[in-house]
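Here's the letter readout for the chains.
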Amino acid sequence: MKYVSMFDKIDLHLIRVLHTVLTERSVSRAALRLGMYQPAVSAALKRLRDLAGDPLLVRSGAGMVPTVAGLRMIEPAADILRSAAVLFSDARSFDPATAQHSFSLAASDYLDPLFLPQLVTQIKSLAPQCPIDIHPLSADADYRQQIAQGEVDVVIGNWAKPPDDLHLGRLFGDEVVCLVSNQHPAVRRGWDAEAWLAAEHIAPTPTHPGARGVIDDHLASQGLTRHITVRCPHFGLIPAMVAGSLLVLTTGRQYCERFTASLPVQVLPCPVPFPRMMYYQLWHERTHASNAARWLREQVKSVAASLRRPESDAAAA
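Residues numbered from 1 in each chain as written. Predicted model: local features only at pLDDT ≥ 70, side-chain atom pairs only at ≥ 80, totals over all residues. Heavy atoms only, no water.

### Topic: helix α4 (residues 38–52)
Given a rise of 1.5 Å per residue, 15 residues ought to cover 21 Å, and the 21 Å separating the end C-alpha atoms of α4 matches this to within 8%. Those residues of α4 not exposed but buried are Val41, Ala44, Leu45 and Leu48. The buried residues of α4 occupy an angular sector of 105° when projected down its axis, which confines them to one face. Residues of α4 that are exposed and point more than 90 degrees away from the buried face comprise Pro39, Lys46 and Asp50. Lining the buried residues of α4 we find α2 (12–24) and α3 (27–34). Residue Gly53 follows α4 closely and has a positive phi angle near 65°. (Helix = DSSP H or I, 4+ residues; strand = E, 2+ residues; numbered from the N terminus. Expected span 1.5 Å × (residues − 1). Buried < 20%, exposed > 50% of the residue type's maximum accessible area, 1.4 Å probe, protein only. Arc of directions from axis to C-beta. Contact = heavy atoms within 4.5 Å.)

### A few points about the sheet that holds strand β7 (residues 176–181)
A sheet is described by the order of its strands in space; here three strands give the open sequence β10-β7-β11, paired in antiparallel fashion. Both outer strands of the open sheet, β10 (249–252) and β11 (265–269), are each paired with one neighbouring strand and no more. Geometrically, the sheet is characterised by an average inter-axis angle of 40° between neighbouring strands, direction not taken into account. (Pairing = 2+ DSSP bridges. Axes fitted to C-alpha atoms, helices over the stretch in contact; angles between N-to-C directions.)

### What to know about the sheet that holds strand β6 (residues 167–174)
Taken together, five strands build an open sheet; the order of strands is β4-β3-β5-β12-β6 and the sheet is mixed. The open sheet has two edge strands, β4 (132–136) and β6, and neither has a second partner. On average, adjacent strands in this sheet sit at an angle of 20° to one another, irrespective of strand direction. With three bridges connecting them, strand β3 (residues 103–107) and strand β5 (residues 154–158) associate as parallel partners. Looking at the pairing, Ala106 lines up with Val155 of β5.

### Description of the packing of α2 against α3
Put simply, α2 and α3 touch, their axes get as near as 8 Å, and they point 130° apart. When the axes of α2 and α3 are compared, the pair comes out oblique. Between α2 and α3 lies a crossing whose hand is right-handed. Facing α2, whose interface residues are Arg16, Val17, Thr20, Val21, Thr23 and Glu24, α3 presents Arg29, Ala30, Arg33 and Leu34. Looking at the contact of α2 with α3, its residues break down into four nonpolar, two polar and four charged. (Parallel < 35°, antiparallel > 145°, perpendicular 65-115°, else oblique. Left-handed = near helix turned anticlockwise from the far one by under 90°. Nonpolar A, V, L, I, M, F, W, Y, C, P; charged D, E, K, R; others polar.)

### Focus on the environment of His227
Relative to the elements of secondary structure, His227 occurs in the loop between α10 (213–221) and β9 (228–232). Along the sequence, His227 and Ile202 sit 25 residues apart, while their C-alpha atoms lie 8.7 Å from each other. Those residues within four positions of His227 in sequence are excluded, and the remaining contacts are Leu197, Ala198, Ala199, Glu200 and His201.

### Considering the confidence of the model for the protein chain
It should be kept in mind that the predicted coordinates are not to be read in detail where pLDDT is low. Of all residues in the protein chain, 89% have pLDDT values of 70 or greater, and the mean over the chain is 88. Contacts for the low-pLDDT stretch residues 311–317, under 50 throughout, to residues beyond four places or in other chains number seven contacts. (pLDDT = per-residue confidence, 0-100.)

### Remarks on the packing of α2 against α4
Contact geometry of α2 with α4 gives a least axis separation of 10 Å together with a crossing angle of 95°. In terms of orientation, α2 and α4 fall into the roughly perpendicular class. Of α4, the residues touching α2 (which contributes Leu14, Val17, Leu18 and Val21) are Val41, Ala44, Leu45, Arg47, Leu48 and Leu51. Looking at the contact of α2 with α4 residue by residue, the classes come out as nine nonpolar, no polar and one charged.

Following this line, the structure appears as structure tokens:
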């Protein structure tokens with residue numbers, strides 16, 4: 001009877017608050033994500049603390065961290081929420097026009113500056129009642145943990161060797177080139193591998209501690225190191241930084257060519273040979289059979305295909 005009375009005190013909404021508060025590690029951020037008023041989230045957290053007999057979330061320095069008991073609850077809570085989504089949404093075919101399913105994805109902005117805007121536009125056009133939560137691939141985010149715990153449905157980015165413990169869908173491959181200012185000496189004189197390595201490079205901040213990225217991983221495999229003088233976590237701002245300096249950005253041609261009409265920049269061949277840069281979407285076994293998640297992956301694939309350059313299509317074929 002004790003367990004029956006405990007079960008009667010717990011509802012799905014309370015589990016959702018529990019998971020959101022523990023993953024956001026903040027009552028205010030959880031309230032924003034849940035679309036609730038902060039006092040209501042605080043009241044729900046108090047109920048959860050009473051039920052658990054544990055504070056669940058405690059202050060640590062300027063922030064909050066889950067207790068040991070709270071950490072143990074994150075994955076089971078995610079499992080319950082996923083199971084409920086399958087029970088009530090995927091029990092029938094997913095109808096985007098009427099669905100109210102929440103989509104969550106983590107994405108690199110290296111792919112194409114038009115990709116995320118067009119993906120959001122397409123999803124909202126076809127599934128107008130479905131909220132979308134976009135997470136960055138950043139140094140303080142563990143995308144494998146996020147996808148395993150159900151915090152994100154799909155991860156989109158580029159990897160030389162994508163993880164083999166996740167499902168994978170190839171989006172496209174692209175040639176590695178360099179973006180430089182019109183005033184860069186290499187525009188007039190050209191460059192060889194030695195001059196390119198010695199030039200001042202700008203590179204994105206690594207997506208996780210110890211990561212080098214596909215460019216520097218390949219260089220390291222050849223025993224080479226480039227001269228990186230600027231690191232920036234905001235990839236979309238890098239072309240403007242290149243335009244006003246002698247910095248060199250090395251990435252996919254599709255990304256670079258989006259800026260040649262709006263900024264005083266040019267695309268140059270890279271004198272060090274690189275394999276094609278490969279872009280993928282990754283997802284967990286837990287969402288592999290989900291009708292809603294499958295629909296989301298189809299939208300990702302179709303938007304990526306619509307943005308591919310004709311040369312990329314020909315090369316891939």
